[in-house]
Amino acid sequence: MTVKRRNHGRAKKGRGHVKFIRCDNCYQACPKDKAIKRFNVRNMIEAAAKRDMAEASVYDAYDVPKVYYKQQHCVGCAIHGRIVRVRSRDGRRNRAPPPRFRDANKKPSAPIAA
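Described in the following lines is the structure provided in the data block.

## Here we look at the overall build of the protein
Broken down by element type, the protein carries three helices and four strands. Mapped from its N terminus to its C terminus, the protein presents α and β elements in the order β-β-β-α-β-α-α. The C-alpha radius of gyration of the protein comes to 20 Å, more than 25% above the 13 Å expected for a compact globule of 114 residues. Taking the principal axes of the C-alpha coordinates as reference, the protein spans close to 65 × 35 × 25 Å.

What follows is the structure, given as structure tokens:
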């Protein structure tokens, strides 16, 4: 039988069963190893409000805390929300992570191909 993906779309390998999680978007039950997971780090307030708070604050240098949360999506919502893209057959063979853009001035770091 033809196989579309080397891991059958999962990261289960030797485990017989994996717990299900609920998609953050549609609440569909999806195996935890199959779900597309992204870790989001955001400021609690946007840039405009941050400037207003800095002007009104008594403290000179106050760092606004960040919000850390993990997003878990089913495959359908991840494709619909453009978190992951559909790739061609040759593109699916590429297992290297996409380049990371840390700073707008710097060039993207080249992924290490193993």
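## Thoughts on the layout of surface pockets
If you add up the space inside the largest pocket, you get close to 1600 Å³. Considering the residues around the largest pocket, the lining is formed by 31 residues, among which Arg5, Val84, Arg87, Arg92 and Asn94 are closest to the centre. For the lining of the largest pocket, the secondary-structure elements that each account for two or more residues are β3 (36–43), α2 (75–80) and α3 (89–93). Counted by class, the lining of the largest pocket contains eleven nonpolar, five polar and 15 charged residues.

## As for the nonpolar core
Looking at soluble globular proteins, one finds that nonpolar side chains tend to be buried together. Listed in full, the six residues of the largest apolar core are Ile21, Cys23, Cys30, Ala35, Cys74 and Cys77. Leave out the neighbours within four places in its chain, and alanine 35 touches Ile21, Cys30 and His73.

## Thoughts on unusual backbone geometry
Backbone geometry at histidine 8 places phi at a positive 60°, although glycine is not the residue there. In this structure, tyrosine 27 takes a positive phi of about 65° despite not being glycine. Structurally, tyrosine 27 can be placed in the loop between β1 (20–22) and β2 (29–31). Assessed through its relative accessible area of 57%, tyrosine 27 is described here as exposed.

## Remarks on the state of the cysteines
Inspection of every chain in the model, using the stated rule, returns zero disulfides. Counting only cysteine sulfurs, cysteine 77 is the nearest neighbor of cysteine 74, a cysteine outside any disulfide, at a range of 3.6 Å. Cysteine 74 sits in the buried class, given a relative accessible area of 4%. On the accessibility criterion, cysteine 77 (12% relative accessible area) is buried.

## Regarding the side chain of aspartate 33
By the secondary structure assignment, aspartate 33 is in the loop between β2 and β3. A distance of 3.2 Å separates the side chain of aspartate 33 from the side chain of arginine 10, its partner in a polar contact. Among all residues touching aspartate 33, those that are not within four sequence positions of it are Arg10, Ala11, Lys12 and Val18.

Definitions and cut-offs
Residues numbered from 1 in each chain as written. Predicted model: local features only at pLDDT ≥ 70, side-chain atom pairs only at ≥ 80, totals over all residues. Heavy atoms only, no water. Helix = DSSP H or I, 4+ residues; strand = E, 2+ residues; numbered from the N terminus. Rg over C-alpha atoms; globule rule 2.2 N^0.38 Å. 1 Å grid on protein atoms, 1.4 Å probe; cavity = no way out; pocket = protein on both sides within 12 Å on 5 of 7 lines; lining within 4 Å. Points joined across faces, edges and corners; volume = space filled by probe spheres on them. Nonpolar A, V, L, I, M, F, W, Y, C, P; charged D, E, K, R; others polar. Core = buried A, V, L, I, M, F, W, Y, C linked by side-chain atoms within 4.5 Å. Buried < 20%, exposed > 50% of the residue type's maximum accessible area, 1.4 Å probe, protein only. Contact = heavy atoms within 4.5 Å. Disulfide = S-S within 2.5 Å. Polar contact = N/O pair within 3.5 Å; in protein donor to acceptor, adjacent residues only side chain to side chain.

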